[in-house]
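A look at the structure
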Amino acid sequence: MVNPKSLENLRPGANSKSAVRVNLTLKPQTVALLKAQGNMSEAVDKLIQLCILGKVQHDGSLNPLSDD
């Protein structure tokens, strides 16, 4: 069964959060982790914000830092 809210969100202009709709291909474990957070889009935005703030260690291209 399709959730009526899902259909509502597909209407042009329905997303008023100044966000951009994209299609991604993700690994199953990534999808499971995002779903566990509740709102998958908010979880991705939060992760990116943490990266920007330097709370997630990476090399600037989201590659993990080496332990060397």
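In what follows, the accompanying structure is described. (Residues numbered from 1 in each chain as written. Predicted model: local features only at pLDDT ≥ 70, side-chain atom pairs only at ≥ 80, totals over all residues. Heavy atoms only, no water.)

**Details of the overall build of the protein chain**
Across its full length, the protein chain holds 3 helices and 0 strands. N-terminal to C-terminal, the α/β element order of the protein chain is α-α-α. A total accessible area of about 6,500 Å² is found for the protein chain, and carbon and sulfur atoms account for 55% of it. (Helix = DSSP H or I, 4+ residues; strand = E, 2+ residues; numbered from the N terminus. Areas by Shrake-Rupley, 256 points an atom, 1.4 Å probe, with all protein chains shown as cover.)

**A closer look at helix H3 (residues 40-52)**
Between its terminal C-alpha atoms H3 stretches 19 Å, which fits the 18 Å expected from 13 residues at 1.5 Å a residue. With a side-chain oxygen lying 3.0 Å from the backbone nitrogen of serine 41, the N-terminal cap of H3 falls on asparagine 39. Residue glycine 54 follows H3 closely and has a positive phi angle near 80°. (Expected span 1.5 Å × (residues − 1). Polar contact = N/O pair within 3.5 Å; in protein donor to acceptor, adjacent residues only side chain to side chain.)

**Brief notes about the packing of helix H2 (residues 28-36) against H3**
Any two packed helices are characterised by the angle at which their axes cross and by the distance between the axes. At their nearest, the axes of H2 and H3 sit 8 Å apart, and the two run at 100° to each other. When the interaxial angle is binned, H2 and H3 end up roughly perpendicular. Residues Val31, Leu34 and Lys35 of H2 pack against Met40, Ala43 and Val44 of H3. Residue classes in the contact of H2 with H3 are distributed as 5 nonpolar, no polar and 1 charged. (Axes fitted to C-alpha atoms, helices over the stretch in contact; angles between N-to-C directions. Parallel < 35°, antiparallel > 145°, perpendicular 65-115°, else oblique. Contact = heavy atoms within 4.5 Å. Nonpolar A, V, L, I, M, F, W, Y, C, P; charged D, E, K, R; others polar.)

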